[in-house]
Amino acid sequence: QVQLVESGGGLVQTGGSLRLSCAASGSISSISVMGWYRQTPGKQRELVAAIASGGSTNYADSVKGRFTISRGNALNTVYLQMNSLKPEDTAVYYCNANRVRVGSLLRDYWGQGTQVTVSS
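Parameters at a glance
Residues numbered from 1 in each chain as written. Predicted model: local features only at pLDDT ≥ 70, side-chain atom pairs only at ≥ 80, totals over all residues. Heavy atoms only, no water. Helix = DSSP H or I, 4+ residues; strand = E, 2+ residues; numbered from the N terminus. Rg over C-alpha atoms; globule rule 2.2 N^0.38 Å. Buried < 20%, exposed > 50% of the residue type's maximum accessible area, 1.4 Å probe, protein only. Core = buried A, V, L, I, M, F, W, Y, C linked by side-chain atoms within 4.5 Å. Contact = heavy atoms within 4.5 Å. Pairing = 2+ DSSP bridges. Axes fitted to C-alpha atoms, helices over the stretch in contact; angles between N-to-C directions. Salt bridge = Lys/Arg side-chain N within 4 Å of Asp/Glu carboxyl O. Polar contact = N/O pair within 3.5 Å; in protein donor to acceptor, adjacent residues only side chain to side chain.

*Asks:* Just to check I follow, could you spell out the overall build of the protein for this structure?
*Replies:* When its secondary structure is counted, the protein shows zero helices and 11 strands. Secondary structure of the protein in N-to-C order comes out as β-β-β-β-β-β-β-β-β-β-β. On C-alpha atoms alone, the protein measures out to a radius of gyration of 14 Å, which is about the 14 Å that the 2.2 N^0.38 rule sets for 120 residues. Overall, the protein is about 50 × 25 × 20 Å in size when its C-alpha atoms are taken along their principal axes.

*Asks:* Is there a simple way to explain unusual backbone geometry in this structure?
*Replies:* The phi angle of most residues is negative, glycine excepted, and most peptide bonds adopt the trans form. You will see that Ser84, though not glycine, has its phi angle at about 50 degrees, which is positive. Within the secondary structure, Ser84 sits in the loop between strand 8 (77–82) and strand 9 (91–102). A relative accessible area of 43% means that Ser84 is categorised as partly exposed. Not every positive phi belongs to a glycine, and Arg99 is a case in point at roughly 55 degrees. A relative accessible area of 45% places Arg99 in the partly exposed class.

*Asks:* How should I be thinking about the nonpolar core in this particular structure?
*Replies:* Nonpolar side chains in soluble globular proteins tend to be buried together. By size, the foremost hydrophobic cluster in this structure holds 31 residues, and its most contacted members are Trp36, Leu80, Met82 and Tyr93. Contributions of two or more residues to this core are made by strand 3 (18–25), strand 4 (30–39), strand 5 (46–52), strand 7 (67–71), strand 8, strand 9 and strand 11 (114–119). If one sorts the elements of this core by residue count, strand 9 sits on top with five residues. Excluding residues that lie within four positions of it along the chain, Leu80 makes contacts with Leu18, Arg19, Leu20, Trp36, Val48, Ala49, Phe67, Thr68, Ile69 and Tyr93.

*Asks:* Looking at this model, I keep getting lost on the sheet that holds strand 8. Mind explaining?
*Replies:* Neighbouring strands of a sheet are bound in pairs by backbone hydrogen bonds; such pairs are parallel or else antiparallel. Read across the open sheet, the four strands follow the order 1-3-8-7; overall the sheet is antiparallel. With one partner strand each, in any of the chains shown, strand 1 (3–7) and strand 7 form the two edges of the open sheet. Each strand of the sheet is rotated relative to its neighbour by a mean of 15 degrees, with strand direction disregarded. Across five bridges, strand 1 lies against strand 3 in antiparallel orientation. By the bridge assignment, Glu6 is partnered in strand 3 with Cys22.

*Asks:* Explanation requested: the pattern of salt bridges in the structure shown.
*Replies:* Pairs can form between side chains of opposite charge once their charged atoms are near each other. Scanning all chains against the criterion turns up four salt bridges. Note that Glu46 and Arg38 form a salt bridge whose closest N and O atoms lie 2.8 Å from each other. For Glu46, a relative accessible area of 37% translates into the label partly exposed. Between Asp89 and Arg38 there is a salt bridge; the shortest N-O distance is 3.0 Å.

*Asks:* I would appreciate a short explanation of the environment of Asp61 in the present structure.
*Replies:* Among the secondary structure elements, Asp61 is positioned in the loop between strand 6 (57–59) and strand 7. Sequence separation between Asp61 and Ala49 is 12 residues, and the spatial gap between their C-alpha atoms is 9.6 Å. Separated by 3.1 Å, the side chains of Asp61 and Lys64 make a polar contact.

Written out as structure tokens, the structure is:
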């Protein structure tokens, strides 16, 4: 069984910073891409940032220059450093692990979500 455990959400003022962490546990052989998505009520979940096992990254235009995604040495962890936060960044943030290999199986997994609230 694979689990993604997130931490680091909370309440911060406009212009502040937060760092989200996500750790994947289980009998994992490899993870192709890890990323962060966010969702607000009534809207679709959207990609914030993603990082492949080789290190290439992808960011939503709205967070470029403010957010930085990175993977830990174990490659089963992913971090999202969020700087210069804005009220529009308020959302539930979800960790995603894409193409996770467990034995002969390959599938995606989601974390439970962590709330980020930016006050104006």
